[in-house]
Amino acid sequence: MMQEAGLEEAAHDEIGNVCGLIRGTGNDGYLVVAAHLDTVFPEGTDVTVRREGTKLFAPGVGDDTRGLAANLTLMRAIKQSGIRPKKTILFVGDVGEEGKGDLRGIRHLFTEGQYRDRIDGFISVDGPETARIVNQAVGSYRYRVTFNGPGGHSYGAFGTVNPAYAMAEVLTGLSELHLPTEPKTTATPSVFGGGTSINATPETVWFELDLRSVSQTELDRIDGEFHALLEKAVAAENARADISTGKVTVEAKRIGHRPAGAVADNAPIITSSLDAIKAFGFEPRLTASSTDANIPISLGVPAVCIGSGSGVGGRAHSLEEWIDVDREPQLRSLHALLAVILGVTDLED
């Protein structure tokens, strides 16, 4: 579709991102305009779109299929109108934004991709609402935490150390952490498993943990306190019960890291975006979220995330996800988004 729209160098990169260029009139850096290709749903999910009037229903239809459709529309509009932006625009359909993808597509673009040394601005098109501008990156550390022990018969070997008790101690400790509301900081145990039988002390139990904050300092603080909880809980269980057949051990494997950070409210990319969106009758607001923009923000590259629609939609990340594509509101959103992009390409370094 990028090739059909007339973009140059349209191709997959090494990790699966789809990239294409609209050449600018200047010789300065590139502005990336990205939307992510992946959804939260597993392979094989029925993504057939159902239409009811102006509403479209399908898994992933808003997050971020509409972002991709919006970007394709903007590519075509720029090329067909003959607009020549000052800065070269690198359009990207990226992989690995959702869940355990850990932003791998944009991370690759900025650290290993062929354009990494040219990028000096970034716009992620993601979310249902054009008036919502993300300039604060919510950072996260994600872990799979596994406790192991010798196991044994629930009655015959009772008194042997039990990794479930160590895990329970950690979970209780997490509930007692000091988590400030400003900057907002969270600790959420989310997925759990382990054990083999109701009449056996488990050899292995595990849980997954999501730590988040808009402050990297706070994120690192609670990360340190979490690891201290692990050591304390394992030591307490090994001191409490019989270790003659083995001790309880723990491994915390980090399975995700989204860096935190922020772009100042008065940064040119922010003020330009606010002005462009206001010009089309929206009331923009700055907010925090976890998006592809986390990567460039953490690297000091000016970046924002802006939604692609009028804000009418719902049930994101569910099988009943929907958006409203009523023509006039959608055109207004696309006009505002195009103005944001062209305004940013014209900014002086």
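Preceding block: the structure.
In short, a report on the structure. (Residues numbered from 1 in each chain as written. Predicted model: local features only at pLDDT ≥ 70, side-chain atom pairs only at ≥ 80, totals over all residues. Heavy atoms only, no water.)

### Here we look at helix 5 (residues 216-240)
Between its first and last C-alpha, helix 5 extends 36 Å over 25 residues, near the 36 Å set by a 1.5 Å rise per residue. Those residues of helix 5 that are buried are in contact with strand 9 (139-148), helix 4 (163-175), strand 11 (185-194), strand 13 (204-213) and strand 14 (249-258). Looking at where helix 5 begins, the residue whose side-chain oxygen comes 3.3 Å from the main-chain nitrogen of Thr217 is Ser215. (Helix = DSSP H or I, 4+ residues; strand = E, 2+ residues; numbered from the N terminus. Expected span 1.5 Å × (residues − 1). Contact = heavy atoms within 4.5 Å. Polar contact = N/O pair within 3.5 Å; in protein donor to acceptor, adjacent residues only side chain to side chain.)

### A look at the packing of helix 4 against helix 5
Helix 5 packs onto helix 4 with a crossing angle of 145° between their chain directions and a minimal axis gap of 8 Å. The element helix 4 and its partner helix 5 pack so that their crossing is right-handed. Residues Tyr165, Ala166, Glu169, Val170, Gly173 and Leu174 of helix 4 form the contact with helix 5, whose participating residues are Phe226, Leu229, Leu230, Ala233, Glu237 and Arg240. Partitioned by chemical class, the residues of the contact of helix 4 with helix 5 number eight nonpolar, one polar and three charged. (Axes fitted to C-alpha atoms, helices over the stretch in contact; angles between N-to-C directions. Left-handed = near helix turned anticlockwise from the far one by under 90°. Nonpolar A, V, L, I, M, F, W, Y, C, P; charged D, E, K, R; others polar.)

### Observations concerning the pairing of strand 6 (residues 88-94)
Most of strand 6 is tucked away, with seven of its seven residues classed as buried. In this sheet, strand 6 lies alongside strand 3 (residues 30-36) in parallel orientation, the contact comprising seven bridges. Each residue of the ladder has a partner; that of Leu31, found in strand 6, is Ile89. (Buried < 20%, exposed > 50% of the residue type's maximum accessible area, 1.4 Å probe, protein only. Pairing = 2+ DSSP bridges.)

### Looking at the packing of helix 2 (residues 61-81) against helix 8 (residues 327-345)
It is at 10 Å that the axes of helix 2 and helix 8 come closest, and there the two elements cross at 65°. With respect to each other, helix 2 and helix 8 are oriented roughly perpendicular. Once helix 2 is placed against helix 8, the crossing between them reads as right-handed. Side by side, helix 2 and helix 8 meet where Arg66, Ala70, Thr73, Leu74 and Ile78 of the first sit next to Gln330, Leu334, Leu337, Leu338 and Ile341 of the second. In the contact of helix 2 with helix 8, the residues fall into seven nonpolar, two polar and one charged. (Parallel < 35°, antiparallel > 145°, perpendicular 65-115°, else oblique.)

### Observations concerning the pattern of salt bridges
Summed over all chains, the structure comprises 17 salt bridges. Salt-bridge contacts for Glu52 lead to Arg50; the nearest nitrogen and oxygen are separated by 3.0 Å. We note a salt bridge from Arg221 to Glu218, for which the minimum N-O separation is 2.8 Å. Of this pair, Arg221 and Glu218 both sit in helix 5, three residues apart, roughly one helical turn. A relative accessible area of 24% means that Arg221 is categorised as partly exposed. (Salt bridge = Lys/Arg side-chain N within 4 Å of Asp/Glu carboxyl O.)

### Topic: the packing of aromatic side chains
The tally for this structure, following the rule as stated, stands at six aromatic pairs. The rings of Phe147, Phe192 and Phe207 are connected pair by pair, giving a single aromatic cluster. Just above the ring of Trp322 sits the side chain of Lys55; from NZ or CZ to the centre is 4.5 Å. One cation-aromatic arrangement involves Arg332 over Phe282; the distance from NZ or CZ to the ring centre is 4.1 Å. (Phe/Tyr/Trp six-rings, centres within 6.5 Å; stacked < 30°, edge-to-face > 60°. Lys NZ or Arg CZ within 6 Å of the ring centre and 35° of its normal.)

### Topic: the nonpolar core
Of all hydrophobic cores here, the largest spans 55 residues; its most connected members are Leu90, Phe91 and Leu109. Take this core: its biggest share by element is seven residues, from helix 8. Formed by 24 residues, the second largest nonpolar core is a distinct cluster that contains Tyr143, Ala187, Leu209 and Ile222. (Core = buried A, V, L, I, M, F, W, Y, C linked by side-chain atoms within 4.5 Å.)

### Description of the sheet that holds strand 18 (residues 313-314)
Strand order across the open sheet formed by four strands is 4-5-19-18, with antiparallel pairing between neighbours. The outermost strands of the open sheet, each flanked by one partner alone, are strand 4 (50-52) and strand 18. With two bridges connecting them, strand 18 and strand 19 (residues 322-324) associate as antiparallel partners. Looking across to strand 19, one finds that Gly313 is bridged to Ile323. Its contacts with the sheet place helix 2 against strand 5 (55-57) and strand 19, and it is angled at close to 45° to strand 19.

### Some details on the sheet that holds strand 11
The strand order 11-13-9-14 describes an open sheet built from four strands, whose pairing is antiparallel. Looking along the sheet, the strands with just one partner apiece sit at the ends: strand 11 and strand 14. Across the sheet, the mean angle from the axis of one strand to that of its neighbour is 20°, orientation sign disregarded. As judged from the nine bridges shared by strand 11 and strand 13, these two strands associate in the antiparallel manner. Its bridge partner lying in strand 13, Pro189 is registered against Leu209. Set on the sheet, helix 4 makes contact with strand 9, strand 11 and strand 13; between it and strand 13 the angle comes to about 15°.

### Topic: unusual backbone geometry
Cis geometry marks the peptide bond from Asp63 to Asp64; its omega dihedral reads 5°. Topologically, Asp64 is positioned in helix 2. Cis geometry is adopted by the peptide bond preceding Pro183, which originates at Glu182 and carries an omega value of 0°. Although it is not a glycine, His317 adopts a positive phi angle of roughly 65°. Looking at His317, the relative accessible area reads 43%, which means it is partly exposed.

### Points about the state of the cysteines
Here a disulfide denotes a covalent bond joining the sulfur atom of one cysteine to the sulfur atom of another. Counting across every chain of the model gives zero disulfides. Cys305 provides the cysteine sulfur closest to Cys19, a residue in no disulfide bond, and the two sulfurs are 18 Å apart. (Disulfide = S-S within 2.5 Å.)

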